[in-house]
Amino acid sequence: MDYVIVCAPAGTDLKGAVAKFKNAFGVNNVVHKDVEALLCGSLEAKEALIGLGYSEPSNHQDWPGIDDIYDMYLRLTDKDQLFDTQERIDRYLERIWDEVEDKKGPQNFPPNLRSSLIFEWKLCVLSNLLSWRHSEILMAESLARQLDAKFLLGGVKQPTKIVASWLRKSDSTLVYLSHPISRPRRQKIEGWSWPPIVPQFNELQDRLFEHNLVCVMPTAIDEYRIAQKSEEGTVLKRRLPVLEERWPLPATNIDSLLYSTPKNSADMHHKDLLTNKDPSSKSELADGEVVSTQLRALESQIMFQIASRDHLLLLSTNGLLVFRPFYLKNEFSHGVKAEIDHWNILTCRYSKDPNTRAEKREKEEDIDSNRRAAFIHFDVDISSFLQFAKSDEARKRGLDLDRLIDDNIVQRIGAEFSLADDIARDAYLTIEYEKSTSGLDSGRVHNLIKIKRALPEIKKEARITTLRVQLTGTRASSSKVGMWIVKDEKELGRYYEEIANFLKTKTLPPSIWEERAIDLWNKAEENPS
C-alpha cells in the first residue's frame, strides 16, 4: 500500500488541509492516520509505518505544508492555544517586572513601556515561529531521505488539486515558477492596485495544470511585507508596525485552496497584526527608531528564509519556468537571477559514483539531465531591454551587445575556418569594415572569399546565441532551454500546451522566438530612443 507523509509546524491548520486532501482524493479511497507520536518515538519512521501494516510501498512521498508566520501567529495566539495572548503576555510582563526593584506588579509599567514590551513579545513569537518552521522543513527533508521518499515543500495557499495531483501521481513533472515579486509590490504600494502581471502570473498554475504540469509558487508564502516609510532626516527607510497586502491568492474561491483563514482574522492580509491591541495599553509605541530596528531584524530573518526556502523548492522540482524576468527593468531581478544560477548548477552537475539513495535515484531517473527551463517574455519587456542595451548606461554596467556579438562572430569564424583568434578577428574586420588592424589582405587568408560568403549566416547565428544568453541568463545547452516571446497574455494562451510538453518531455524547444527577437531588435535599431 502506498503512503504519504503530510507534516507541518503547529499553526498551519494541518487538519483543515488534510480534510481538503480527503475530498480531493475521494473519501472512500483514503485511509489516514496521525503518526506524529510514532515519528517522535525511538523507532525509525519506516518501522513505525510497517507496524501499521504499510509494507514496503512502491510510492511514498513527503509533503511538508507551511503557511505564513502571520497566519500561524494568529492561530496559535487564540484562546487556549500554545501562545494564548492574554496568558502569555501577562507571564512575560511578570518576568520582566522581576528586574524592577519596586514589586507592586507589572500593571504599574508606564503605558509607553508596556506597549513596547507587548510589541517585543510579539516579535519574539514571530521569530520563534520562523525558527520552528525552518526546523520542521529540515526534519521533513531528512525524513524523506531516510525513507527514500520524494519530497516537496509546499505552502497551503495553493490549490488543493495541485498538491493532491503530485501526491497521487509519483511520476508528475514538478516545475518551480519564478518571477519578479518586489517590482509589482512597489507598484501596488505606489498605485493602490496590483498591476496586470499579478493575475497573469497567478493564472499560470491553473492553465499549465490543464496540460498535466504541476507547478509550485513561491508566493504561497509571502512575509516580506513590513511597511516602510521615508522620513526627513533619516538615511534608511523606517519600518512601521503595519503589514502591506500580501500577494493575491491564486484562486477567487478560498475553499479551493488548502488554506483556511484563521478564525480570529478578518482576511489574509493581517495588516494590523503588529499594532498594539492590548486594551490596558492604548499608548503608541514609544520610540519609532527602536521599533524600526526591531522590525528590520525580523525582516532580515524573513529574507534569510526566503532564499533558503525558494532554493529548496527549486532543488525539489524537475524544471524552472521564468515569467517576465525583465518586468519594469532591463535586467533580471536579483531573486530570479539567483534561481536561474541555481538551476544551472543543478542541470550541469553529475555524480559518477552517487553515495546516497537520493543521489542514486536522481541518477537512475536522470533527473539532472531532465531538468529544463522555460522563459516567457512579453514584447514590451524585450523591446525595453534592447533599447537599454544600446545606451551608454548599459555599457557602463558592462553590457555591450554589439561587442558580445562581434566576439561570437570571431569565435565562429575561427572554429569554422580553423583560424587563430587574431587572424579570425582581422578577417572579420576586413570584410565588415574594410579595415584590417594588422594590414591583413586576401593573400594572408586563402579562404577570405568563403568567409565573406558565410558571414551573413554566421552573423545571424551569433546574434541568436548572444540573445539567448542575455534573455535566459544561462549558457546551458539550447536543448534544455525553451523561450517564448509573446505580445500579451492572450497570445500566451496559445502556447500553454507547448510549454507544458517541453517541460515534461525531451522534445526540442521551439525556435520561433528567434524570429520574434530579431524583429524586435531591428525595430529597436530603426527607432532609437
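The structure under discussion appears in the preceding block.
These numbers come from a predicted model, not from an experiment.

## Some details on the overall build of the protein chain
When its secondary structure is counted, the protein chain shows 21 helices and eleven strands. When the 529 residues of the protein chain are sorted by exposure, 48% land in the buried category. Accessible surface computed for the protein chain: about 26700 Å², of which carbon and sulfur atoms make up 50%.

## Focus on a negative patch on the surface
A cluster of acidic residues, Asp 90, Glu 94, Asp 98 and Glu 99, forms a negative patch at the surface. Along the polypeptide, Glu 99 turns up in the loop between helix H5 (85–97) and helix H6 (111–146).

## Thoughts on the pairing of strand E10 (residues 372–378)
For E10, the buried fraction is high: seven of the seven residues fall into the buried class. Residues of E10 alternate between two faces, with Arg 372, Ala 374, Ile 376 and Phe 378 on one and Ala 373, Phe 375 and His 377 on the opposite face, all of them buried. Pairing between strand E9 (residues 319–323) and E10: five bridges, direction parallel. Bridge pairing in E10 places Phe 323 opposite Ile 376. By the bridge criterion, six bridges tie E10 to strand E11 (residues 481–486) in an arrangement that is parallel. Each residue of the ladder has a partner; that of His 377, found in E11, is Ile 485.

## What about the pairing of strand E5 (residues 174–178)?
Within E5, five of the five residues are buried, leaving the element largely enclosed by the surrounding structure. Side chains Leu 174, Tyr 176 and Ser 178 project from E5 onto one buried face, and the interleaved Val 175 and Leu 177 project onto a second face that is buried too. Relative to E9, E5 runs parallel, the two being bridged by four bridges. In the sheet register, Leu 177 faces E9, and the bridge partner there is Leu 321.

## Concerning the packing of aromatic side chains
All chains considered together, the criterion is met by eight aromatic pairs. Here Phe 201 and Phe 323 contribute two aromatic rings whose centre-to-centre distance is 6.4 Å and whose plane-to-plane angle is 45°, an arrangement assigned as tilted. Of this pair, Phe 201 sits in helix H9 (residues 197–209) while Phe 323 sits in strand E9, and the two are 122 residues apart along the sequence. We classify Phe 201 as buried; its relative accessible area is 1%. Following the ring pairs from residue to residue traces out a cluster consisting of Trp 194, Phe 201, Trp 247, Phe 323 and Phe 378. A cation sits over an aromatic face here: Arg 463 above Trp 521, 5.0 Å from the ring centre.

## Some words on the side chain of Asp 67
Its location among the elements puts Asp 67 in the loop between strand E2 (60–66) and helix H4 (69–76). A polar contact is formed between the side chain of Asp 67 and the side chain of Lys 157, at a distance of 2.4 Å. Beyond its immediate sequence surroundings of up to four residues, Asp 67 is in contact with Thr 12, Met 72, Arg 75, Arg 133, Val 156, Lys 157, Ile 221, Glu 223 and Tyr 259.

## Comments concerning the packing of H6 against helix H10 (residues 288–316)
When two helices pack together, their arrangement is given by the angle between the helix axes and by the axis-to-axis distance. Running from amino to carboxyl end, H6 crosses H10 at an angle of 15°, the nearest separation of the two axes being 11 Å. Comparing their axes, H10 and H6 come out roughly parallel. For the crossing formed where H6 meets H10, the hand is left-handed. Together, Phe 119, Glu 120, Leu 123, Leu 126, Ser 127, Leu 130, Ser 131, Arg 133, His 134, Ile 137 and Glu 141 of H6 and Val 291, Gln 294, Leu 295, Leu 298, Gln 301, Ile 302, Phe 304, Gln 305, Ser 308, Arg 309 and Leu 312 of H10 make up the contact between the two elements. Classifying every residue of the contact of H6 with H10 by side-chain character gives eleven nonpolar, seven polar and four charged.

## Some thoughts on the packing of helix H7 (residues 160–168) against H9
For the pair H7 and H9, interaxial distance at closest approach is 11 Å and the crossing angle is 45°. Viewed along their axes, H7 and H9 adopt a mutual orientation that is oblique. Between H7 and H9 lies a crossing of left-handed hand. On the side of H7, the interface is formed by Lys 161, Ile 162 and Ser 165, while H9 contributes Gln 205, Asp 206 and Phe 209. Among the residues forming the contact of H7 with H9, the class breakdown is two nonpolar, two polar and two charged.

The rules we used
- Residues numbered from 1 in each chain as written.
- Predicted model: local features only at pLDDT ≥ 70, side-chain atom pairs only at ≥ 80, totals over all residues.
- Heavy atoms only, no water.
- Helix = DSSP H or I, 4+ residues; strand = E, 2+ residues; numbered from the N terminus.
- Buried < 20%, exposed > 50% of the residue type's maximum accessible area, 1.4 Å probe, protein only.
- Areas by Shrake-Rupley, 256 points an atom, 1.4 Å probe, with all protein chains shown as cover.
- Patch = residues over 30% accessible without salt bridge, like charges linked within 9 Å, V, L, I, M, F, W, Y side chains within 5 Å.
- Salt bridge = Lys/Arg side-chain N within 4 Å of Asp/Glu carboxyl O.
- Lys, Arg positive; Asp, Glu negative; His and termini not counted.
- Charge placed at Lys NZ, Arg CZ, Asp CG, Glu CD.
- Pairing = 2+ DSSP bridges.
- Phe/Tyr/Trp six-rings, centres within 6.5 Å; stacked < 30°, edge-to-face > 60°.
- Lys NZ or Arg CZ within 6 Å of the ring centre and 35° of its normal.
- Polar contact = N/O pair within 3.5 Å; in protein donor to acceptor, adjacent residues only side chain to side chain.
- Contact = heavy atoms within 4.5 Å.
- Axes fitted to C-alpha atoms, helices over the stretch in contact; angles between N-to-C directions.
- Parallel < 35°, antiparallel > 145°, perpendicular 65-115°, else oblique.
- Left-handed = near helix turned anticlockwise from the far one by under 90°.
- Nonpolar A, V, L, I, M, F, W, Y, C, P; charged D, E, K, R; others polar.

These figures capture arrangement, not role.
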